[in-house]
Amino acid sequence: MTRVVRGADGRMWTLRSQLEWRSPATADDFEHDVSVGNTAAIVLLVLVVALSGVLIMWTPADVVVPLWVVLLIVLVMLFFPARWALRRPWTVVAETGDDGEGDPTEKWVGTVRGVFTVRQQVNRVAKSIALDSVPGIEGPLQPVA
């Protein structure tokens, strides 16, 4: 998502947000930055599918399972993947100017978690730029040298 905003001082700012598939490493996450990969998630998914298959196979033929029970099981199984997808981190960048080499003269970068939160933060940053000519130090964006 890209948005262009005019600052109070007349400069044009470009706001960009991009979905990150991996969480960026920060100093707070130092002890967790070494990951074993996706093996645990794949094993758990295979286990859940196998147990669901066993449950379906062992159900006697004369038992009638109500539709609401099936829908409830599907919703429970989809909860965590949906939560994972909606809570992915987004990188938000606000930049302005051109130093002649294609690089911005001023650049602010930050990370926001969640697809709905990133939309709110981009709107706040755009409003802050329109009023104060800078993204605002109290938000998630920090100036980059």
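Note that this is a predicted model, so its numbers are computed, not measured. (Residues numbered from 1 in each chain as written. Predicted model: local features only at pLDDT ≥ 70, side-chain atom pairs only at ≥ 80, totals over all residues. Heavy atoms only, no water.)

Talk me through the overall build of the protein; I want residue IDs and the actual numbers.
The secondary structure content of the protein amounts to three helices and five strands. Across the protein, helices and strands are ordered from the amino to the carboxyl terminus as β-β-α-α-β-β-α-β. Looking at the 145 residues of the protein, the share that counts as buried comes to 20%. Carbon and sulfur atoms make up 65% of the accessible area of the protein, which totals about 11,000 Å². (Helix = DSSP H or I, 4+ residues; strand = E, 2+ residues; numbered from the N terminus. Buried < 20%, exposed > 50% of the residue type's maximum accessible area, 1.4 Å probe, protein only. Areas by Shrake-Rupley, 256 points an atom, 1.4 Å probe, with all protein chains shown as cover.)

An account of the confidence of the model for the protein is requested, with residue identities and associated values reported.
Averaged over every residue, the pLDDT of the protein is 85; the share at 70 or more is 89%. Ranking the elements of the protein by mean pLDDT puts helix α1 (residues 39–58) last with 85 and strand β3 (residues 89–96) first with 93. (pLDDT = per-residue confidence, 0-100.)

Give me the lowdown on the pairing of strand β4 (residues 106–113), citing residues and values where you can.
Pairing between β3 and β4: eight bridges, direction antiparallel. When the bridges of β4 are listed, P89 appears paired with R113. Bridge count between β4 and strand β5 (residues 142–144): three bridges; the pairing is antiparallel. Within β5, the position partnered with V109 by the bridge is Q142. (Pairing = 2+ DSSP bridges.)

Any chance you could break down the nonpolar core for me, citing the residues and the numbers?
In this structure, L15, V92, A94, V118, I129 and L141 are the most contacted members of the largest nonpolar core, which totals 14 residues. The leading source of residues in this core is helix α3 (residues 115–132), at five residues. Sequence-distant contacts of I129, defined by excluding residues within four places in its chain, comprise V5, R6, G7, A8, W13, L15, V134 and P135. (Core = buried A, V, L, I, M, F, W, Y, C linked by side-chain atoms within 4.5 Å. Contact = heavy atoms within 4.5 Å.)

Break down unusual backbone geometry for me, citing the residues and quoting the values.
Residue S133 is not a glycine yet carries a positive backbone phi of 70 degrees. Mapped onto the fold, S133 is located in the loop between α3 and β5.

Mind laying out α3, listing which residues take part and the relevant values?
Its 18 residues place the ends of α3 26 Å apart at the C-alpha level, agreeing with the 26 Å of an ideal helix rising 1.5 Å per residue. For α3, the set of buried residues is V118, Q121, V122, V125, A126, S128 and I129. Around the axis of α3, the buried residues are gathered within 165 degrees of arc, so they sit on the same side. Residues of α3 that are exposed and point over 90 degrees away from its buried face: F116, R119, R124, K127 and L131. Among the residues trailing α3, S133 stands out with phi positive, at a value near 70 degrees. (Expected span 1.5 Å × (residues − 1). Arc of directions from axis to C-beta.)

Please give an account of the packing of aromatic side chains that cites residues and values.
Applying the stated criterion across every chain, the model contains two aromatic pairs. An angle of 80 degrees between the planes, with centres 4.8 Å apart, marks the rings of F79 and F80 as edge-to-face. (Phe/Tyr/Trp six-rings, centres within 6.5 Å; stacked < 30°, edge-to-face > 60°.)

An account of the pattern of salt bridges is needed here, citing residue identities and associated values.
All chains considered together, the criterion is met by three salt bridges. The partner of E106 in a salt bridge is R11, with the nearest N and O atoms 2.8 Å apart. With E106 in strand β4 and R11 in the loop between β1 (2–6) and β2 (12–19), this residue pair connects regions lying 95 residues apart in the sequence. Exposure remark for R11: the relative accessible area of 28% places this residue in the partly exposed category. Residues participating in the shared-partner salt-bridge network are D9, R11 and E106. (Salt bridge = Lys/Arg side-chain N within 4 Å of Asp/Glu carboxyl O.)

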